[in-house]
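Architecture and fold: a report
As a plain string of letters, each chain reads:
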Amino acid sequence: MLSSGVGSALNAEKEASLIARAKRGDEAAISQLYRQYAPRIYGYVASRVGDPTLADDLTSDVFLRALEGLPGFEYRGISLGAWLYRIAHDRVADHFRKQARRQTSPLENGMLPPQNGVEPQVEANLEAQRLKQAIEQLTDDQQQVVLLRFNAGLKLRETAYVMDRSIGAVKMLQMRALTSLRQLMGQGKTNGAADAGR
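Residues numbered from 1 in each chain as written. Predicted model: local features only at pLDDT ≥ 70, side-chain atom pairs only at ≥ 80, totals over all residues. Heavy atoms only, no water.

Okay, the packing of aromatic side chains next. Taken as a whole and assessed by the stated rule, the structure comprises three aromatic pairs. Arranged with centres 4.8 Å apart and planes meeting at 70°, the rings of Tyr34 and Phe63 form a pair that is edge-to-face. With Tyr34 in helix α2 (residues 27–49) and Phe63 in helix α3 (residues 52–69), this pair connects stretches of sequence that are 29 residues apart. The exposure class of Phe63 is buried, given its relative accessible area of 13%. Look at Tyr44 and Tyr85: their rings are 5.5 Å apart centre to centre, the planes differ by 80°, and that puts the pair in the edge-to-face class. Of this pair, Tyr44 sits in helix α2 while Tyr85 sits in helix α4 (residues 80–99); the two residues are 41 residues apart in sequence, bridging distant segments of the chain. Summarising the burial analysis for this pair, Tyr44 and Tyr85 share the class buried. A cation over a ring is seen here: Arg86 above Tyr161, with NZ or CZ 5.1 Å from the ring centre. We note Arg149 situated over the ring of Phe150; from NZ or CZ to the ring centre the distance is 5.9 Å. (Phe/Tyr/Trp six-rings, centres within 6.5 Å; stacked < 30°, edge-to-face > 60°. Helix = DSSP H or I, 4+ residues; strand = E, 2+ residues; numbered from the N terminus. Buried < 20%, exposed > 50% of the residue type's maximum accessible area, 1.4 Å probe, protein only. Lys NZ or Arg CZ within 6 Å of the ring centre and 35° of its normal.)

Packing of α4 against helix α7 (residues 156–163) brings their axes to within 8 Å, and their N-to-C directions diverge by 30°. With respect to α7, the axis of α4 lies roughly parallel. In the packing of α4 onto α7, the handedness of the crossing is right-handed. Taken together, the residues of α7 that come into contact with α4 (itself represented by Ala82, Trp83, Tyr85, Arg86 and His89) are Glu158, Tyr161, Val162 and Met163. (Axes fitted to C-alpha atoms, helices over the stretch in contact; angles between N-to-C directions. Parallel < 35°, antiparallel > 145°, perpendicular 65-115°, else oblique. Left-handed = near helix turned anticlockwise from the far one by under 90°. Contact = heavy atoms within 4.5 Å.)

Under the defined criterion, the tally for this structure stands at nine salt bridges. Of the charged contacts in the structure, one is a salt bridge between Arg21 and Asp26, with a shortest N-O distance of 2.9 Å. What makes Asp26 partly exposed here is its relative accessible area of 27%. A salt bridge links Arg48 to Asp140; the nearest nitrogen and oxygen atoms lie 2.4 Å apart. Of this pair, Arg48 sits in helix α2 while Asp140 sits in helix α6 (residues 140–151), and the two are 92 residues apart along the sequence. You can call Arg48 buried: its relative accessible area is 3%. On the basis of relative accessibility, which here comes to 30%, the residue Asp140 falls in the partly exposed class. (Salt bridge = Lys/Arg side-chain N within 4 Å of Asp/Glu carboxyl O.)

With that settled, the discussion passes to the nonpolar core. Within the largest apolar cluster, 37 residues are counted, with the highest numbers of intra-cluster contacts made by Ile41, Val45, Val49, Leu80, Trp83, Leu84 and Tyr85. The set of elements that each furnish at least two residues to this core consists of α1 (12–23), α2, α3, α4, α6, α7 and α8 (167–196). If you tally residues by element for this core, the top one is α2, at nine residues. With nine residues, the next largest nonpolar core counts Ala134, Val146, Leu184 and Met185 among its residues. (Core = buried A, V, L, I, M, F, W, Y, C linked by side-chain atoms within 4.5 Å.)

Function cannot be read off these values alone, since they describe shape.
See the structure below:
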């Protein structure tokens with residue numbers, strides 16, 4: 001199973017309370033929100049840019065912008081996590097616009113949960129590598145949907161918000177991405193079996 005979702009560690013009431021305190025300048029609340037979301041936002045940014053130093057810089061910028069915008073944040077069916085992913089999405093897009101070149105973004109190897117024992121771990125690592133390579137063959141929008149839906153655990157509505165797309169467009173991108181992944185992963189098994197027989 002992949003990530004359990006954006007709001008899994010904080011329930012809505014506790015998060016709303018922390019946000020209200022953070023809006024009043026409560027450093028402990030700001031710190032707790034940062035600790036809750038920073039690793040996930042960093043992972044998302046790093047998976048998009050492929051450079052840990054750049055990911056650190058962009059993640060810091062995301063939280064600086066979030067802190068500046070927090071007084072205007074209100075729950076409107078979108079969680080704080082989705083709002084942060086939207087800021088991260090925009091910062092990554094800004095970075096690539098400034099670079100004026102498209103870059104295929106490597107994905108993190110930690111997409112599958114660890115298993116006990118050496119053999120299962122090796123198999124899981126090989127499968128994770130195959131999945132990573134297959135995802136890298138998807139279009140940029142399809143990669144984005146896969147990362148947001150299955151790695152970050154965002155809901156359809158939140159993913160649509162982050163990507164500035166309709167829910168229907170996100171569903172279509174997800175369906176196409178999963179169809180392509182099934183085909184690519186199936187090809188990898190076929191090619192791997194053919195290679196093993198040589």
